[in-house]
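Observations on the model geometry
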Amino acid sequence: MKKLSQIIAGDNSLFESSGLTKPRLVAKSKGEKRDYKEEEKAAQLSLYGDMADYRVQRNSGISPQLVQIAQCMILCGLPYRATTETKMQRLARTGDDSLVRVTFHALGQDYDGNQIPMAFGADRTLLHFGIDQAIKLKSRFVRLDNPTEYLRAIGKQTSGQNYARLRETIRRLSGLSIVVERFTPGKNGHDETRQTLPILEAAHVPSRLSKDTSTPIDVPCGLRFGEHFYNEVNQHHVPFPWELLCKLEQKPQMQDIILFLHRRSFAAKTTSTIPWANLRQQIWHDDSNTRRIRVRFADAIHLLKAAWPELNAQATSHGLIIGPPRNGKHLFDSYLPESKYLGSA
């Protein structure tokens, strides 16, 4: 039986319903210039098909595999591109008018004393994976001495290049620290809660990662989350389907927006409008163009509705309008064990 994504790819008439134009997928001869616009269209179509496949699975009653995402990483995400900055700040407002400020710090240095860059882009998927494992295993230490398992889990080939990229991701995360500040409305202004949270208390990064990686038994490759960060994510986290998270691994901005839409939709008691200026402080760090922000949210809404048509969200000129899902139907069924955490998100 074909997946819905395969049916869409083979039927011209279904491209209009996806909101995308069918890309020109022509084999390239050696040396021919790549058509990046066509490749992007093909990638968008593939992602739309993956979302549609999830919808079929959801309607069939098959329970998805859920991972727990740290709420602070949904409200205030990592940068999307490599940066030389060692400090980056995000601001977010929650439904009860509380303010959350997250400040990221890149603190690590290499053997020669050079600054290890700030974590960025797809690094967030490994961080999400590690946090979920820590919560499920009830352990602050997550082993990564079998990198093949992780690469396969996110749909990557076990090539030398991907092992090298994974090592650099672990390296960047190893020096990452955050300060989480919460400002809650009180009788005379705002109550303040402030925590300095080293994301990782310790990390062992071997000089080389491969499927044959072997490390001393007393120093396994892995991540040990800081105690305070671990306590923070245990208290504030949100479940999300692992299958969709993996499909969005190479589109970190889209991943962040879809995570935000999912979380905000569940938390919403009534329909409200979030100004684009507020969302720029939360998700963007280098783009002040309101129209682009609106278009990206509109694209994310269109994409997410392929998996979840009950999503009640709209990107307007005034801001993002979002409310509880139609018919009370969420991205996954509320009876799943992990769903209980949404209530405290």
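Residues numbered from 1 in each chain as written. Predicted model: local features only at pLDDT ≥ 70, side-chain atom pairs only at ≥ 80, totals over all residues. Heavy atoms only, no water.

Residues of the chain with pLDDT of at least 70 account for 82%, and the chain-wide mean is 80. Considering only residues more than four positions removed or in separate chains, one finds that residues 4-26, a stretch of pLDDT under 50, has 38 contacts. Predicted confidence is poor over residues 339-345, with pLDDT under 50, and the contacts of this stretch with residues over four places away or in other chains come to 19 contacts. (pLDDT = per-residue confidence, 0-100. Contact = heavy atoms within 4.5 Å.)

In this section: the packing of aromatic side chains. Enumeration over the complete set of coordinates arrives at 5 aromatic pairs. Each ring, one from F129 and one from Y150, has its centre 4.9 Å from the other, and the planes form 65°; the classification is edge-to-face. Taken together, the residues span a long stretch of sequence, with F129 in helix α5 (residues 123-137) and Y150 in helix α6 (residues 147-153) at a distance of 21 residues. Accessibility assignment for this pair places F129 and Y150 in one class, buried. Measuring from centroid to centroid gives 6.3 Å for F260 and F297, while their planes differ by 90°, and the two rings are edge-to-face. With F260 in helix α10 (residues 252-267) and F297 in helix α12 (residues 290-307), this residue pair connects regions lying 37 residues apart in the sequence. For F297, a relative accessible area of 0% gives the class buried. An aromatic cluster is built from F129, Y150 and W242, whose rings are joined through pairwise contacts. (Phe/Tyr/Trp six-rings, centres within 6.5 Å; stacked < 30°, edge-to-face > 60°. Helix = DSSP H or I, 4+ residues; strand = E, 2+ residues; numbered from the N terminus. Buried < 20%, exposed > 50% of the residue type's maximum accessible area, 1.4 Å probe, protein only.)

Overall, antiparallel pairing links the 3 strands, which are arranged β4-β8-β7 in an open sheet. Edge positions in the sheet fall to β4 (141-143) and β7 (200-204), since each of these pairs with one other strand and no more. Within this sheet the neighbouring strands show an average axis-to-axis angle of 10°, counted without direction. Taken together, the 4 bridges between β7 and strand β8 (residues 222-225) define a ladder with antiparallel strand orientation. Each bridged residue has a counterpart across the sheet, and for A202 the counterpart in β8 is R224. (Pairing = 2+ DSSP bridges. Axes fitted to C-alpha atoms, helices over the stretch in contact; angles between N-to-C directions.)

Mapped onto the elements, T83 comes out in the loop between α4 (71-75) and β2 (87-93). At 3.0 Å, the side chain of T83 and the backbone nitrogen of E85 are in polar contact. Setting aside anything within four residues of it in sequence, one finds T83 in contact with M88, P117 and M118. (Polar contact = N/O pair within 3.5 Å; in protein donor to acceptor, adjacent residues only side chain to side chain.)

Another aspect to go through is helix α11 (residues 276-283). Here α11 has its buried residues at W276, L279, Q282 and I283. Taken end-on, α11 shows its buried residues confined to a sector of 120°, consistent with a single buried face. (Arc of directions from axis to C-beta.)

On to the nonpolar core. Ranked by size, the top nonpolar core spans 84 residues in total, and within it I178, F225, F229, I258, L261, F297 and L320 carry the most contacts. For this core, the element with the most residues is α12, which contributes 8 residues. Excluding residues that lie within four positions of it along the chain, F229 makes contacts with C72, I131, I178, L197, P198 and I199. (Core = buried A, V, L, I, M, F, W, Y, C linked by side-chain atoms within 4.5 Å.)

As for its placement among the helices and strands, G121 is situated in the loop between β3 (99-106) and α5. Looking at G121, the relative accessible area reads 4%, which means it is buried.

Positive phi outside glycine occurs at K138, with the angle close to 55°. You will see that N327, though not glycine, has its phi angle at about 60°, which is positive. Secondary-structure assignment places N327 in the segment after β12 (320-322). On the basis of relative accessible area, N327 is assigned to the exposed category, the value being 79%.

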